[in-house]
Amino acid sequence: MFEVLFIGLSLTSVLLLIALGLSITYGAMGVINMAHGELVMIGAYTAVLAGIHLGFNIFLSLPLAFVVAALVGLLIERVVIRRLYGRIIDTLLATWGVAIILQQLIRLEFGLTFFGISIEGLGPGLQNMRVPTFMMEPFDLMGLSIQPYRTFILCVTILLTALTWYLVYRTAIGVQVRAIMRNPQMAAACGIDVRRVSALTFAYGSGLAGVAGVLLAGFRTVMPEMGATVVVDGFLVVVVGGVGSLLGTILSSALLGQINGIVSVFSNDIIARAVVFGVVIAIILWRPRGLFSFKSR
Amino acid sequence: MSNNRRNFLKQSAAYGATAALGPGLWASAARAESEIDVGVLFSLTGGLSIVEQSLADATLMAIDEINAAGGVMGKKLNPIVEDGASDARTFNERASKLVLRDQVPTVFGCYTSASRKAVLPIFERRNNMLFYPTYYEGFECSKNVVYTGAVPNQQLSNYIPWIINTLGKKKFFIVGSNYIYPREMAKVSKILIEQNGGEWVADEYLELGHSEWGAMVSRIKSSGCDVVLSNVVGDSVIAFYREFRNQGLTHDQLPICATVTSEIEIAAMGAEVAAGSFTSFPYFQAIDTTANNDFVERYRRFVDDSSAVTQHALECSYFQVYLWKQAVEKAGEVTPDAIREGIKGQTFDAPNGKVTVDGENLHTFLTPRIAQWGGDGQGEIIDEYPEPIKPLPYVAYGETDGDLFCSAAGLDSSRL
């Protein structure tokens with residue numbers, strides 16, 4: 001039974017990791033960020049490249065990927081998204097375009113392939129990030145088999161969730177973010193620099209995606225298309241949890257992760273996927289605004 | 001009005017036909033002197049390009065070598081390279097272009113079954129020839145395709161008995177990606193497992209590209225199996241082997257025996273994760289013969305990459321051009337019909353050893369081999385058939401050496 005719950009728990013942590021950044025960009029800013037999966041991908045490629053060219057291990061790659069993805073996110077916000085606040089459908093299309101551009105940049109090695117230059121770790125092929133050996137060997141703890149890598153993901157997820165909670169609910173900038181979520185015009189009228197705070201928020205959400213990418217790289221395949229499935233999972237969690245609610249995001253990833261884990265262990269993964277989608281549809285029918293929600297802009 | 005319109009349509013159709021045929025006719029008249037055009041059709045862009053580009057390279061390398069040695073019947077080969085763009089519809093369009101406009105007598109190409117099925121009607125309707133270099137699921141019998149890759153019996157008929165008798169493993173967990181190839185492979189495996197006194201405890205599938213293997217690996221762990229037979233393809237393979245390792249399973253106790261995990265996937269997952277597992281293919285880069293070492297060396301020089309890997313479909317892409325050359329020389333003319341007659345029974349010393357095209361079903365005799373992967377990403381050949389074995393594309397439905405469903409006369413569909 002522990003094993004089943006642990007699988008559910010590790011699925012939960014992966015979902016939460018992906019959704020955390022998205023719940024901020026989508027929830028707090030009303031941007032349907034289709035490029036979120038690609039920011040995850042950029043985090044993964046940062047880890048692969050840093051591993052190959054700088055000899056970084058996973059622990060050094062984590063902060064690096066956060067910074068790289070946050071900078072890319074900041075750039076996307078500055079160039080595209082800030083012109084589209086309040087136009088939710090337009091953000092969907094625009095960020096989808098950004099997603100395609102990012103994918104192709106990796107696949108074409110930033111265009112260097114046209115000049116016959118090739119960088120190891122980029123290109124259309126499959127990549128992987130090395131995981132230290134001690135993180136691959138499971139060990140016994142009180143009769144339970146513990147998988148270090150999955151446990152590590154779990155710990156990082158808890159840490160990041162706590163950090164995000166602290167930032168949003170216990171700091172001055174968090175108060176500003178929440179004010180903008182509720183009513184951007186009123187927030188601006190109270191002297192909050194909405195543009196600056198929004199840009200920083202978006203960069204932070206993107207940075208979280210980058211961290212998720214590094215952790216996913218340890219057990220998934222790294223390739224230019226890896227973001228496509230990731231973004232679907234992320235939106236499922238955020239929509240079920242309720243837009244803009246951190247608690248909702250946590251609970252809905254736990255719910256979906258455990259359902260997925262339990263059903264897939266006792267029947268199979270394809271049925272589990274179908275059950276998860278069924279639950280999502282039921283919840284949206286029952287509570288169109290998600291499990292936890294408040295009136296927002 | 002309608003009359004006018006009909007006339008207009010007729011005229012434009014006539015112009016269109018002239019425009020389409022004109023250059024084609026002219027070109028075929030001009031090239032008859034010194035060159036033979038052949039089509040090369042693989043995905044050079046898109047998701048599949050990583051593998052297919054290497055197949056195109058191997059084909060072009062063979063053409064280069066043949067030209068350097070004087071060509072075919074004194075004529076140089078002129079490859080017309082088209083890009084299938086990892087998309088079945090594009091494959092269809094490009095194949096039409098090669099067959100109709102360029103009027104090539106043969107196309108070398110296609111990697112996935114989806115792309116082959118997409119171009120097949122063109123080759124059958126226009127009576128042209130496709131040389132197809134990939135291992136595939138069988139269940140096809142076309143007189144317009146020469147299949148040079150392995151069919152299920154050539155990957156499994158030595159593999160399953162070897163797993164049961166030599167490895168001493170009897171309880172199989174069969175796992176695959178959810179589409180036709182793994183399902184046909186599983187069908188053949190089950191027949192062979194039962195014939196050899198083993199049993200299978202599960203037969204499970206995951207969608208293509210699935211990357212969350214936690215639950216599946218835990219089911220493998222608790223199933224009581226002692227060997228995993230994997231027909232998982234593509235990027236899922238990497239996530240699978242990694243999760244296998246992460247959950248503490250080792251290839252010593254519970255080996256993964258794969259049918260499609262080639263040098264490419266091993267390199268992508270990191271060799272240490274796969275070390276100790278097995279794969280069955282007729283060709284491995286590690287085949288230690290002068291012929292193969294030379295081949296690998298030449299290929300690396302041709303693509304200008306000193307660490308390029310070779311694998312089964314790549315080797316087939318290479319030797320099938322030579323088989324084609326011999327067929328043309330035997331037939332004495334370069335038409336699809338002559339090539340089909342000429343290719344029957346052709347034998348060539350390929351990098352993996354002797355290969356022969358079967359006169360009945362146009363598939364190829366290949367030598368099954370089993371390799372164990374080492375920490376360096378290379379396989380060590382630990383078992384090989386004494387000789388090439390006969391290809392049986394319908395083995396899952398009861399086809400045997402003495403009782404062919406697919407023959408030169410066509411498919412005997414009453415047997416299915």
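Residues numbered from 1 in each chain as written. Chains lettered and ligands numbered in written order. Predicted model: local features only at pLDDT ≥ 70, side-chain atom pairs only at ≥ 80, totals over all residues.

Details of the overall build of chain B
The helix and strand tally for chain B stands at 14 helices and 17 strands. In terms of overall size, chain B behaves like a compact globule, its C-alpha atoms giving a radius of gyration of 23 Å where 416 residues would be expected to give roughly 22 Å. Overall, the C-alpha framework of chain B stretches about 75 × 55 × 45 Å when taken along its three principal axes. Out of the 416 residues in chain B, the part that is buried amounts to 51%. Within chain B, counting contacts between residues at least 6 apart in sequence, those at least 24 apart form 70% of the total. (Helix = DSSP H or I, 4+ residues; strand = E, 2+ residues; numbered from the N terminus. Rg over C-alpha atoms; globule rule 2.2 N^0.38 Å. Buried ≥ 20, exposed ≤ 12 C-beta atoms within 10 Å, placed from the backbone. Contact = placed C-beta atoms within 7 Å.)

Brief notes about the overall build of chain A
Scanning chain A from N- to C-terminus turns up eleven helices and two strands. Put simply, chain A runs from its N terminus to its C terminus through helices and strands in the order α-α-α-α-β-β-α-α-α-α-α-α-α. A globule of 297 residues ought to have a C-alpha radius of gyration of about 19 Å, and chain A, at 19 Å, matches this closely. When the backbone C-alpha atoms are referred to their principal axes, chain A occupies close to 55 × 55 × 35 Å. Summarising the internal contacts of chain A: among those between residues at least 6 apart in sequence, 74% fall at separations of at least 24.

Considerations on the sheet that holds strand 6 (residues 171–177) of chain B
Residue and element names in this part refer to chain B. Spatial strand order, 7-6-8-9-10-14-15: seven strands in an open sheet with mixed pairing. Since the sheet does not close on itself, it has two edges, and those belong to strand 7 (199–206) and strand 15 (379–384), each with one partner. Neighbouring strand axes in the sheet, compared pairwise and without regard to direction, differ in orientation by 25° on average. Bridge analysis of strand 6 against strand 7 gives seven bridges, and the strand direction is parallel. By the bridge assignment, F172 is partnered in strand 7 with W200. (Pairing = 2+ DSSP bridges. Axes fitted to C-alpha atoms, helices over the stretch in contact; angles between N-to-C directions.)

Some thoughts on the domain arrangement of chain B
Residues and elements named next belong to chain B. One can read the domain layout of chain B as domain 1 (34–150 + 310–365) and domain 2 (153–281). Distance from the C-alpha centre of domain 1 to the C-alpha centre of domain 2: 30 Å. Each partner contributes residues to the interface: domain 1 has ten residues there, and domain 2 has ten residues. Here the residues of the side of domain 1 that touches domain 2 are counted per class, giving five nonpolar, four polar and one charged. (Domains from an automatic or database assignment. Nonpolar A, V, L, I, M, F, W, Y, C, P; charged D, E, K, R; others polar.)

Digging into the interface of chain A and chain B
Taken together, the contacts link 28 residues of chain A with 27 residues of chain B. At the level of elements, helix 1 (2–29), helix 5 (148–170), helix 10 (246–266) and helix 11 (269–286) of chain A are the ones that each hand at least two residues to the side of chain A that touches chain B. Per element, the largest residue contribution to the side of chain A that touches chain B is four residues, and it comes from helix 1 of chain A. Tallied by class, residues from the side of chain A that touches chain B come to eleven nonpolar, ten polar and seven charged.

What to know about helix 9 (residues 227–241) of chain A
For an α-helix, the turn length of 3.6 residues means that residues three or four places apart are oriented alike. Residues and elements named next belong to chain A. Here helix 9 contains 15 residues, and its C-alpha end-to-end distance of 21 Å stays within 8% of the 21 Å for a straight helix at 1.5 Å per residue. Burial analysis of helix 9 places twelve of its 15 residues in the buried class, the great majority of the element. If you follow the buried residues of helix 9, they end up packed against helix 1, helix 2 (36–54), helix 4 (88–107), helix 10 and helix 11. (Expected span 1.5 Å × (residues − 1).)

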